[in-house]
Amino acid sequence: EMRERVGTLLSEHPPSARAAIDSLPVVTTFHALGVRLLREFHEAMNLRRQFVIYDRSDSQKAVKAAIEKASYDPKEFEPRKILSMISRAKGDAMTPLEYKDAANSYLEQVVGEVWDYYEEKLASEHALDFDDLLAKTLRLLKNNQTIREQLQQRYKYIHVDEYQDTNRVQFSIVELLTGEENNVCVVGDIDQNIYSWRGADIKNVLQFERHFPNTETVLLEENYRSTKTIIAASNDVIKKNQNRVDKTVFTNNQDGERIKLYAAMSGGHEASYIAGEAKKLIAEGAAPSNIAVL
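Quick caveat: nothing in here was measured; it's all calculated off a predicted structure.

Chemist: Quick question: what am I supposed to make of the overall build of the chain here?
Modeler: Per the secondary structure count, the chain includes 14 helices and four strands. A compact globule built from 294 residues should have a C-alpha radius of gyration of about 19 Å, whereas the chain, at 24 Å, is more than 25% larger. Over its C-alpha atoms, taken along the principal directions, the chain stretches across nearly 65 × 60 × 35 Å. Relative to its 294 residues, the chain shows a buried fraction of 32%. Relative to all contacts within the chain whose residues are 6 or more apart in sequence, the contacts with residues 24 or more apart total 70%.

Structure follows, in structure tokens:
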């Protein structure tokens with residue numbers, strides 16, 4: 001969708017200005033960029049050009065096999081949990097060896113052993129998992145100066161959206177692609193950091209000015225979606241957070257309805273209350289598709 005929007009905006013330029021637009025900007029996710037670069041420079045990474053990409057289900061099966069190969073019981077060590085721990089470690093730019101050296105619990109020692117067998121399985125299938133698409137891209141940029149400088153020349157201006165959701169590997173990829181020119185713009189809101197459970201690191205936002213000197217910060221404090229009541233309540237809750245960039249969100253929308261809080265006695269009572277509220281709204285003319293339960 002973003003690629004289409006960029007294309008539409010550029011097509012609105014007059015013909016004289018369009019002469020400078022030889023091709024559309026690269027608009028991509030981090031993972032898709034990783035696939036693009038690893039296929040282009042596959043020889044430098046000792047990969048097949050058409051490597052296999054494991055989805056989560058493939059990875060889970062491979063981890064289960066790795067647990068068994070390491071002589072552990074998949075019923076005792078759940079493959080999904082082991083995979084999640086490996087994934088988190090890859091997102092923190094760790095290698096299996098570094099992980100084992102840092103292990104300070106029996107579970108982490110098991111994960112380190114299983115990880116080795118998991119990597120063997122990936123290599124035998126000429127496969128990468130989702131986390132490898134980033135981790136190996138980072139290794140490519142770190143270890144090959146010629147390729148790194150070539151890509152820094154190619155991508156002279158870098159923009160990252162939802163920056164508060166980036167992990168350590170993604171931050172390092174941005175830092176290496178940016179190089180010395182520091183032509184980087186990021187958009188993010190530390191108060192919307194909801195992916196810490198899968199490795200998103202809020203320090204990427206909090207320490208941005210330290211990593212990229214001469215930064216200009218622009219606060220976008222006007223909200224266009226919510227009512228004044230909701231904004232006032234959210235500001236009151238969010239201001240208690242300790243690690244944040246101080247800002248006060250406002251809106252020119254109406255006050256709107258007051259927020260209701262319902263304390264249910266049980267899950268059944270909660271479901272019944274929600275169904276009743278939805279029924280009431282529909283009877284008043286609300287479209288069912290406009291009702292959301294989070």
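Now that the structure has been shown, the text picks up again.
Chemist: Quick question: what am I supposed to make of the packing of helix α3 (residues 30–40) against helix α8 (residues 130–143) here?
Modeler: Geometry of a packed helix pair, given as the angle between the helix axes and the separation of the axes. Packing of α3 against α8 leaves a shortest axis separation of 8 Å and a crossing angle of 55°. Compared by their axis directions, α3 and α8 come out oblique. Relative to α8, the crossing made by α3 is left-handed. Residues F30, H31, G34, V35, L37 and L38 of α3 form the contact with α8, whose own contacting residues are F130, D132, L133, L134, K136, T137 and L140. Split into classes, the residues belonging to the contact of α3 with α8 amount to eight nonpolar, three polar and two charged.

Chemist: Explain the pattern of salt bridges to me, please; I cannot follow it from the model alone.
Modeler: Note on pairing: side chains with opposite charge can pair once their charged atoms come close. Within the structure shown, the criterion is met by 20 salt bridges. The partner of E181 in a salt bridge is K156, and the shortest N-O contact between them spans 3.9 Å. With a gap of 25 residues between them, E181 in the loop between α10 (168–178) and β4 (184–186) and K156 in the loop between α9 (145–154) and β3 (158–160) connect regions that are remote in the sequence. The salt bridge involving R244 is made with D191; its shortest N-O contact spans 2.8 Å. Highlighted residues: R244 in the loop between α13 (228–238) and α14 (267–283) and D191 in the loop between β4 and α11 (203–206), separated in sequence by 53 residues. Taken together, the salt bridges that share partners define one network made up of D189, D191, R244, D246 and K247.

Chemist: What is the right way to read a nonpolar patch on the surface from this model?
Modeler: A contiguous nonpolar surface patch, about 210 Å² in accessible area, is contributed by L206, L219 and V245. Here L219 shows up in the loop between α12 (208–211) and α13. On the basis of relative accessibility, which here comes to 41%, the residue L219 falls in the partly exposed class.

Chemist: Could you clarify how one ought to interpret unusual backbone geometry in this entry?
Modeler: Working note: non-glycine residues mostly have negative phi, and peptide bonds are mostly trans. Positive phi, close to 55°, is recorded for N46, a residue that is not glycine. Mapped onto the fold, N46 is located in the loop between α3 and β1 (52–53). By relative accessible area, N46 is classed as exposed at 73%. We note that S71 has phi near 65°; this positive angle belongs to a residue other than glycine. Along the polypeptide, S71 turns up in the loop between α4 (56–69) and α5 (79–91).

Chemist: Help me understand the packing of α4 against α5, please; the structure alone is not making it clear to me.
Modeler: α5 packs onto α4 with a crossing angle of 105° between their chain directions and a minimal axis gap of 9 Å. By the criterion of interaxial angle, the relationship of α4 to α5 is roughly perpendicular. Where α4 abuts α5, its residues R56, S59, Q60, V63, K64 and I67 lie against P79, R80, I82, L83 and S87. Of the residues contributing to the contact of α4 with α5, the split by class is five nonpolar, three polar and three charged.

Chemist: Even after reading the chapter, I still don't get the nonpolar core, so can you show me in this structure?
Modeler: Buried together is how nonpolar side chains tend to be arranged in soluble globular proteins. Residues L151 and L177 are the most contacted members of the largest nonpolar core, which totals 32 residues. Elements that contribute at least two residues to this core include exactly α3, α8, α9, β3 and α10. Core analysis: the next-biggest nonpolar cluster, separate from the first, contains 21 residues, A62, I67, Y118 and A127 among them.

Chemist: Would you explain the environment of Y163 in this entry?
Modeler: Tracing the backbone shows Y163 in the loop between β3 and α10. For Y163, a relative accessible area of 1% corresponds to the buried category. Once the C-alpha coordinates of Y163 and V186 are considered, the two residues, 23 residues apart in sequence, prove to be 6.1 Å apart. Among all residues touching Y163, those that are not within four sequence positions of it are F171, V186, V187, G188, N204, V205, F208 and F212.

Conventions we followed
- Residues numbered from 1 in each chain as written.
- Predicted model: local features only at pLDDT ≥ 70, side-chain atom pairs only at ≥ 80, totals over all residues.
- Heavy atoms only, no water.
- Helix = DSSP H or I, 4+ residues; strand = E, 2+ residues; numbered from the N terminus.
- Rg over C-alpha atoms; globule rule 2.2 N^0.38 Å.
- Buried < 20%, exposed > 50% of the residue type's maximum accessible area, 1.4 Å probe, protein only.
- Contact = heavy atoms within 4.5 Å.
- Axes fitted to C-alpha atoms, helices over the stretch in contact; angles between N-to-C directions.
- Parallel < 35°, antiparallel > 145°, perpendicular 65-115°, else oblique.
- Left-handed = near helix turned anticlockwise from the far one by under 90°.
- Nonpolar A, V, L, I, M, F, W, Y, C, P; charged D, E, K, R; others polar.
- Salt bridge = Lys/Arg side-chain N within 4 Å of Asp/Glu carboxyl O.
- Patch = residues over 30% accessible without salt bridge, like charges linked within 9 Å, V, L, I, M, F, W, Y side chains within 5 Å.
- Areas by Shrake-Rupley, 256 points an atom, 1.4 Å probe, with all protein chains shown as cover.
- Core = buried A, V, L, I, M, F, W, Y, C linked by side-chain atoms within 4.5 Å.

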